[in-house]
Every structure is written in structure tokens, then in C-alpha cells.
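Overview (structure and organization)
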Amino acid sequence: MTRVRESTGYGPNTQMSLFGYIMAAILVMIALPLLPVLIPAYIIWRVFYADEPEHSFESWRKERGRQNSP
């Protein structure tokens, strides 16, 4: 049977938690106005510039000379 270790005495750090919440709020305030720009930019990038790599099974079938079955 595994014993549970005794507490080290450390608890939640309120100051660091508060800092994390403030930083998250700042990042959300910065990111929200950028969404109308980022979403169309991402779509354009996916349509024109992103090359879809083939899945390994698809490339395996092409190498083996098999055709897709209906």
C-alpha cells in the first residue's frame, strides 16, 4: 500500500493567482479586437498557402498501386 506524503505546508499563492488573472484579462482585451483580422487571414492562408500533407494510409495505398474502394 502506498502512503500519501505529508503536506509540505505550501498553499495557493494568492498574489501569483491574481497576477495570472490580470494577465489573462489583458491578453483577452488585446486578442478580441484582433479576431476580425485574424480569422479571415487564417482562412486565406489555409486556402492559398497551406499544403495538406497526405495521411500515411493514403500514401501507402498510392505506393502499393491500389485504388480507393467505393
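The structure presented is a predicted model; accordingly, all values stated were derived computationally and were not measured. (Residues numbered from 1 in each chain as written. Predicted model: local features only at pLDDT ≥ 70, side-chain atom pairs only at ≥ 80, totals over all residues. Heavy atoms only, no water.)

**Points about the overall build of the chain**
The line we're drawing: By definition, any uninterrupted DSSP run of H or I lasting at least four residues is a helix, any uninterrupted run of E lasting at least two residues is a strand, and each is numbered from the N terminus. Burial classes follow relative accessibility: with a 1.4 Å probe on protein chains only, a residue under 20% of its type's maximum area counts as buried, one over 50% as exposed, and anything between as partly exposed. Areas reported here follow the Shrake-Rupley algorithm with a probe of radius 1.4 Å; residue values treat only the protein chains shown as occluding.
Of the regular secondary structure elements, the chain holds two helices and zero strands. For the chain, the proportion of its 70 residues judged to be buried stands at 3%. Summing over all exposed atoms, the chain offers an accessible surface of approximately 7500 Å²; the carbon and sulfur share of this is 63%.

**Concerning the packing of aromatic side chains**
To keep it simple, the criterion reads: Only Phe, Tyr and Trp rings are paired, with Trp represented by its six-membered ring, and only when their centres lie within 6.5 Å; those with planes under 30 degrees apart are stacked, over 60 edge-to-face, the remainder tilted.
As enumerated under the stated definition, the model contains one aromatic pair in all. Between Y42 and W45, the ring centres sit 6.1 Å apart and the planes meet at 35 degrees, which makes this aromatic pair tilted. With a gap of three residues between them, Y42 and W45 both fall in helix α1 (residues 14-48), about one helical turn apart. Among the residues examined, Y42 registers a relative accessible area of 48% and is labelled partly exposed. A relative accessible area of 42% places W45 in the partly exposed class.

**Observations regarding α1**
For clarity, the cut-off: Helices are assigned an expected span. That span is 1.5 Å times one less than the residue count. Bend is the name given here to the angle between axes fitted to two runs of seven residues, the run ending at a residue and the run starting at it. In protein, a polar contact means a hydrogen-donor-capable atom and an acceptor-capable atom, both N or O and within 3.5 Å, with residues adjacent in sequence counting only if both atoms are side-chain atoms; elsewhere, any N or O pair within 3.5 Å suffices.
Compared with an ideal rise of 1.5 Å per residue, which puts 35 residues at 51 Å, α1 spans 47 Å between its outermost C-alpha atoms and is within 8% of the ideal. At L35, α1 shows its strongest bend, of approximately 55 degrees, with the proline P36 following within four residues. The N-cap residue of α1 is N13: its side-chain oxygen and the backbone nitrogen of Q15 are 3.1 Å apart.

This is a description of form; function is not addressed.
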